[in-house]
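Here's the letter readout for the chains.
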Amino acid sequence: MNIVRIAPSILSADFARLGEQVREAENAGADVIHVDVMDGHFVPNITIGPLVVAAVRTVTSLPLDVHLMIENPGRYVSAFAEAGADILTVHPEATSHLHRVLQQIHSLGARAGVALNPATPESVLQYVLSDLDLVLVMTVNPGFGGQKLIPEVFAKMRAVREMLDRSRPSAWLSVDGGIDGVTAPQAIAHGADTLVAGSAIYSAPEGVAAAILALRGAVAGA
């Protein structure tokens, strides 16, 4: 694996100084900023909306990867694209028409992704592969940061990697949940190329820059 992208998740950032924390990640060499949007219905938590995405857009030039953990995402993708999202990722369980939503995202000029919860099989991707720019494999049940990775998901990650290599090699394979210096090399070994990390970066006692450097060092030989 030659390219490994680091995507700090602002879910674990200090929202009282969010702009500063985003800039700190960018200055430390992050490749993407990951934004978790939760509605309190699809997942048991409520986080942020388009206004915060628009605010983050003003402080960074990095791609904004907006993970929509919300019901009926097709109703909101336009607002998030207008706010500055570069990538919009949706869950297949959250919409009755996954293919339509992915095409809608593309029509807005954004890249389209699908997120797979731990119990969601990779087969759901079979008929939308040509519309995918990213697959996000969740290694925890979504809704809260700081959870431990579910190792059984690694087999699914490998299967997704094989699907993408055959049919959509340009798509990113992102992993989110419990990613740290120990689990990151395992994720890369199973085919991931983009690491979403929240607590491991923003809660690290050594600081954001040192945490990103340590994460890169951990996967250097993977």
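Our structure's up above, just so we're on the same page.
Everything numeric here is computed off the predicted structure, so don't read it as measured data.

A. Focus on the pairing of strand 1 (residues 5-8). Neither face of strand 1 is open: one carries Arg5 and Ala7, the other Ile6 and Pro8, and all of them are buried. Two elements, strand 1 and strand 8 (residues 194-197), share four bridges in a ladder whose sense is parallel. By the bridge assignment, alanine 7 is partnered in strand 8 with valine 196.

B. Geometry of the environment of leucine 195. Note that leucine 195 resides in strand 8. Look at leucine 195 and you get buried, because its relative accessible area is 0%. It is 9.1 Å that separates the C-alpha atoms of leucine 195 and aspartate 180, two residues lying 15 residues apart in sequence. Sequence-distant contacts of leucine 195, defined by excluding residues within four places in its chain, comprise Val4, Arg5, Ile6, Ala7, Val175, Ile179, Ala184, Ala187, Ile188 and Val219.

C. Representation of the nonpolar core. Ile10, Leu88 and Leu195 are the most contacted members of the largest nonpolar core, which has 64 residues in total. Within the second largest apolar cluster, 10 residues are counted, among which are Ala7, Ile87, Ala115 and Met138.

D. View of the environment of leucine 136. Here leucine 136 lies in strand 6 (residues 134-138). Take leucine 136: its relative accessible area is 1%, and that puts it in the buried class. Between the C-alpha atoms of leucine 136 and valine 160, which are 24 residues apart in sequence, the distance is 9.8 Å. Apart from the residues lying within four places of it in its own chain, the contact partners of leucine 136 are His34, His67, Thr89, Val114, Ala115, Leu116, Ser174, Val175, Asp176 and Val196.

E. Structural view of the pairing of strand 2 (residues 33-38). Burial analysis of strand 2 places six of its six residues in the buried class, the great majority of the element. Where strand 2 meets strand 3 (residues 64-69), six bridges bridge the pair, whose relative direction is parallel. In the sheet register, isoleucine 33 faces strand 3, and the bridge partner there is leucine 64. In this fold, strand 2 hands off to helix 2 (residues 50-57), which returns the chain to strand 3; that crossover is right-handed.

F. Structural context of the side chain of threonine 89. Mapped onto the fold, threonine 89 is located in strand 4 (residues 87-90). Residues in contact with threonine 89, not counting those within four places in the same chain, are Asp65, Val66, His67, Leu68, Gly113, Val114, Ala115, Leu134 and Leu136.

What counts, and at which threshold
Along each chain, residue indices are assigned from 1 in the same order as the chain's sequence is written. Confidence filtering applies because this is a predicted model: local features only for residues at pLDDT of at least 70, side-chain atom pairs given and counted only at 80 or more, and all residues used for totals across whole chains, interfaces and linings. Computation of side-chain values: all heavy atoms of the structure, hydrogens and water removed. Note on classification: 1.4 Å probe, protein chains only; a residue is buried when its accessible area is under 20% of the maximum for its type, exposed when over 50%, partly exposed between these limits. The secondary structure listing takes helices from DSSP runs of H or I that are at least 4 residues long and strands from runs of E that are at least 2 residues long, numbered from the N terminus. Strands pair, by our definition, only if DSSP identifies at least two bridges between them. Two residues qualify as a contact provided that any one of their heavy atoms is within 4.5 Å of a heavy atom in the partner residue. Only buried Ala, Val, Leu, Ile, Met, Phe, Trp, Tyr and Cys residues count toward a nonpolar core, and they belong to the same one when joined by side-chain atoms within 4.5 Å. Here the term right-handed applies to a crossover when the path leading from its first strand over the helix to its second strand runs clockwise, the strands being oriented away from the viewer.

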